[in-house]
Amino acid sequence: MKRYISKITHYLVILLVLGFVLIPTCVFAKAKIPTQTTEFYVNDFADVLTEAQEKELVDKAKSYADSNNGIQVVITTVKSLDGETLEYYAHDMYNQYGIGKDDMGVLILLSTGDRDVRMEIGTAMEAYINDAKAGRMIDKYAIEHFKNNEFDQGLIELQEGTFKEISAMINGQESTVPEEEISWTTWVWIAIFIFIIIFDITNGFGTGLYISPFILGSSSGSGKSGGSSGFGGHSSGGGASRHF
């Protein structure tokens, strides 16, 4: 009996050791972010753009950055997120590339294989393009093109729309993607949600609700100078995503 118990203990120890070795690898393994190209402003790893289109997008982005104190709008396409969530992938890519002087940057990330798109926004840029607005911009300029596999046209229009919106906000003009008026049914749902939260708190119950920082959205960072490269901007998850 003692011998039997000893064998079981031995195997349990081996399983525990393997667990400590393998579980962190599975949990914390992250997709490798591709290094930005020498062009920086357009990184077309999914090959959805022609050379002429890529050159035009790069030239426009460079010109805009030069004329607007280092505001950088970067486009990146990938074939797959390699199992990573879109939000984390975009967040890591934004920080790795260091987009935007003084955190005035935008990353447009398109995954053709996953059929996902995200606009990742830097700290200072949040004053001009918040999460909700980023979503409206994707919907207005790109989503229908992406649904029809017109990835090039969607990216071209979304870049142009991004420039227009930033310029409008900086110059104190009206937004190119104004908010829609909230319907009465939406207000009803908001009231119900608030009632549930108040009821939950006052009665001491726990719903276990968790609001991800990527949903709330915030960004932080610092700036540094550079040519066709990043300025050291950072993001903590501000932006909007769409699946198509």
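Residues numbered from 1 in each chain as written. Predicted model: local features only at pLDDT ≥ 70, side-chain atom pairs only at ≥ 80, totals over all residues. Heavy atoms only, no water.

A. Here's a closer look at the pattern of salt bridges. All told, the structure shown has seven salt bridges when counted by the stated rule. A salt bridge links Lys-55 to Asp-59, with the shortest nitrogen-to-oxygen separation between them at 2.8 Å. Of this pair, Lys-55 and Asp-59 are both found in helix α2 (residues 51–67), four residues apart, which corresponds to roughly one turn of the helix. Of the charged contacts in the structure, one is a salt bridge between Arg-242 and Asp-139, with a shortest N-O distance of 2.9 Å. Here Asp-139 lies in helix α4 (residues 131–141) and Arg-242 lies in strand β5 (residues 239–243), a separation of 103 residues in the sequence. Residue Arg-242 is classed as partly exposed on the basis of its relative accessible area, which comes to 28%. (Salt bridge = Lys/Arg side-chain N within 4 Å of Asp/Glu carboxyl O. Helix = DSSP H or I, 4+ residues; strand = E, 2+ residues; numbered from the N terminus. Buried < 20%, exposed > 50% of the residue type's maximum accessible area, 1.4 Å probe, protein only.)

B. Region of interest: the nonpolar core. With 52 residues, the main nonpolar core has Val-106, Leu-109 and Met-119 as its most contacted residues. Mapped onto this core, the elements with two or more residues apiece are α2, β2 (72–78), α3 (86–97), β3 (105–111), β4 (116–121), α4, α5 (143–147) and α6 (151–170). Tallying contributions element by element places α3 first for this core, with six residues. The contacts of Met-119, once residues within four sequence positions are left out, are Val-106, Leu-107, Ile-108, Ala-134, Met-137, Ile-138, Leu-158, Thr-162, Gly-238, Gly-239 and Ala-240. (Core = buried A, V, L, I, M, F, W, Y, C linked by side-chain atoms within 4.5 Å. Contact = heavy atoms within 4.5 Å.)

C. Examining the confidence of the model for the protein chain more closely. Averaged over all residues, the pLDDT of the protein chain is 81; the fraction at 70 or higher stands at 70%. Note on residues 7–28: pLDDT under 50 across the span, and three contacts to partners over four residues away in sequence or across chains. In this model, residues 210–227 is a region of pLDDT below 50 whose contacts with residues beyond four sequence positions or in other chains number 49 contacts. (pLDDT = per-residue confidence, 0-100.)

D. Broad picture of the side chain of Asp-92. For Asp-92, the position within the fold is in helix α3. Judged by its relative accessible area of 19%, Asp-92 falls in the buried class.

E. Spatial organisation of the packing of aromatic side chains. Taken as a whole, this structure holds six aromatic pairs when the rule is applied. With a centroid separation of 6.2 Å and 40° between ring planes, the pair formed by Phe-146 and Phe-151 is classed as tilted. Feature note: the residues Phe-40, Tyr-41 and Tyr-97 constitute an aromatic cluster, connected by ring pairs. (Phe/Tyr/Trp six-rings, centres within 6.5 Å; stacked < 30°, edge-to-face > 60°.)

F. Spatial organisation of α4. With respect to burial, α4 is a largely interior element, eight of its eleven residues being buried. For α4, the set of buried residues is Asp-131, Lys-133, Ala-134, Gly-135, Arg-136, Met-137, Ile-138 and Tyr-141. Its side-chain oxygen at 3.4 Å from the backbone nitrogen of Ala-132, Asn-130 defines the N-terminal cap of α4. (Polar contact = N/O pair within 3.5 Å; in protein donor to acceptor, adjacent residues only side chain to side chain.)

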